[in-house]
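# Architecture at a glance
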Amino acid sequence: MDDASSLDISLSEDVLQPLLTTSNSSSLKDALEILIESSKTTVGRSDLASKNILPEVLQLTQSIPHSSGCHYLLLSLKLLRNLCAGEITNQNSFIEQTGVGIVLRVLRSPGVSLDKDYGIIRIALQVLANVSLAGETHQHAIWCQFFPEEFATLAGVRCQETCDPLCMVIYTCCDGSSGLFKELCGEKGLAIMAEIVCTAASVGFKEDWFKFLVSRTCVEEIHFPQLFFKLSQVGASRNCEDSNSRDDTFSSEQAFLLKIVSEIVNERIEEIIVPNEFALCVLGIFTKSIGLVDFYARGTPSLPTSSSAINVLGYSLSILRDICAREDPAGSSSVNCADLVDSLQSHGLIEMFLSLLRDLEPPAIIRKATRQGENQEGTSANSAKTCPYIGFRRDLVAVIGNCAYRRKHIQDEIRERDGILLLLQQCVADEDNPFSREWSIWCVRNLLEGNAENQKVVADLELQGSINVPELTDLGLKVEVDKNTRRAKLVNVPSKA
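Being a predicted model, the structure only gives us computed values, none of them experimental. (Residues numbered from 1 in each chain as written. Predicted model: local features only at pLDDT ≥ 70, side-chain atom pairs only at ≥ 80, totals over all residues. Heavy atoms only, no water.)

Of note, Val103 is situated in helix H8 (residues 99–108). Between the alpha carbons of Val103 and Leu58 there is a distance of 8.8 Å; along the sequence they are 45 residues apart. Once you skip the residues sitting within four places of it in the chain, Val103 turns out to touch Phe94, Ala124, Val127 and Leu128. (Helix = DSSP H or I, 4+ residues; strand = E, 2+ residues; numbered from the N terminus. Contact = heavy atoms within 4.5 Å.)

Spelled out as structure tokens, the structure:
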């Protein structure tokens, strides 16, 4: 009792004694440490559940003075977390004994600072996370007491250690409940999500729960535009304080959200069905970013750059590249997906992307050859746009190539917009665009596959000498035309022995 009395803890004998007896110890500190170790195993948790130890731990938790007993509070929370890890008896007891309210009072306590007591906050959230895994009743009990105000407060804690378990609690509660998910996607819920994104953008995240939340709300459902807009308000408030900000239309948090979404789409493209509304929103964001980027600035950085506008441009382009690769029309995997590329095309994607590609200065290898031939450096590049980040040209070509894959109407549009020669000219190595050559070859082959009209155009170009350019032959490539059918395709030239 010495350690307890030194902290002025008023514990009844029937609360303290079970802890001491079960742990076979004489001090509260030793008892908690022994029980924490025992509760790490399934057998240990089951044994402690049979001894009904959890109510005593809950009573201890709410009896500890938070201002002077932080260490004991942390130990009791760790024990609760372990006891509720997959042990249904303890999880049920936690709800029956108003454990959610007890944890909430701990977090609200004046002795617990949201600015520094990250360890206590993290463990308290882990307790709730473990309880939430028990089922709908447990999830509703947590949600009713924490949504929206408490979740909003915790989302504003700029700490990676607390952000991860918070995301787990929210995701687990919503995942099996359409009603709770609907609340998360309402005005108050999306405000919480915006705070979580701001926290993750500021301090990062380690676990996948954040991505699960973003995937569910932004990719699998249609709430990406609302969340993206909310994050613009963060940038607007910051720019009011920073008059030197140039990217006042996109915030760094918006760019971060797009980065995360691009990773999710790339990782899960075979699992998820992307709504048309999402694809069109991303295209709109990409279109808007074009007007904010300085395409004449020299120096090509990698993503992410110091410019939010360039980051938004690059990550939205990456998303478009991957979602356009999702659907194989020949496989007819989904009516919804089959419409996605057509919907993007109807909103001017092909026309825009060919125009962007046409306005770019030639790849570095061609620029160097041109300058050497003309003996006047930079003459033809001054009026041409540059790639704002490493890989921009490659990504443009990749989107066009993915859209053209087994889609004759898109292949035809590219031909009708004089895009075939333009795309042939991209089939060179480019130090500012890794794998640009490979994507360009893929794109040209997609243009020619099953399209006699496009093959004829390429054949005619060969007869005119338009495509017998050194940059193609130097790379061991040529356009081969079948003498009988007059159909053309891009092939490798066999190397000389």
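Time to look at unusual backbone geometry. Following Phe147, the chain continues to Pro148 via a peptide bond in cis, the omega torsion being -5 degrees. As for its position among the elements, Pro148 is in the loop between helix H10 (136–146) and helix H11 (149–155). Residues Leu303 and Pro304 are joined by a peptide bond in cis, for which omega reads -5 degrees. Tracing the backbone shows Pro304 in the loop between helix H18 (276–290) and helix H19 (308–326). Positive phi outside glycine occurs at Asn52, with the angle close to 50 degrees. Along the chain, Asn52 falls in the loop between helix H4 (42–50) and helix H5 (54–63). In this structure, Thr98 takes a positive phi of about 55 degrees despite not being glycine. Inspection of the secondary structure assignment puts Thr98 in the loop between helix H7 (88–96) and H8.

Counting all residues, the mean pLDDT for the protein chain is 86, and 81% of those residues have values of 70 or more. Under a pLDDT of 50 for its full length, residues 485–489 has, in the predicted model, 21 contacts with residues more than four places off or in other chains. (pLDDT = per-residue confidence, 0-100.)

Attention now moves to the packing of aromatic side chains. Overall, the coordinates contain 15 aromatic pairs when judged by the stated rule. With 5.5 Å between their ring centres and 40 degrees between their planes, Tyr171 and Phe212 make a pair best called tilted. With Tyr171 in helix H12 (residues 160–175) and Phe212 in helix H15 (residues 209–220), this residue pair connects regions lying 41 residues apart in the sequence. Of the residues examined, Tyr171 reaches a relative accessible area of 17% and is grouped as buried. Ring plane angle 55 degrees and centroid distance 5.8 Å describe the contact between Phe295 and Phe392, whose orientation is recorded as tilted. Residue Phe295 is found in the loop between H18 and H19, and its partner Phe392 is found in helix H23 (residues 392–404); the two are separated by 97 residues along the sequence. Residues Phe295 and Phe392 agree in their burial class; the two are buried. Put simply, the rings of Trp143, Phe146, Phe147 and Phe151 pair up and form one aromatic cluster. (Phe/Tyr/Trp six-rings, centres within 6.5 Å; stacked < 30°, edge-to-face > 60°. Buried < 20%, exposed > 50% of the residue type's maximum accessible area, 1.4 Å probe, protein only.)

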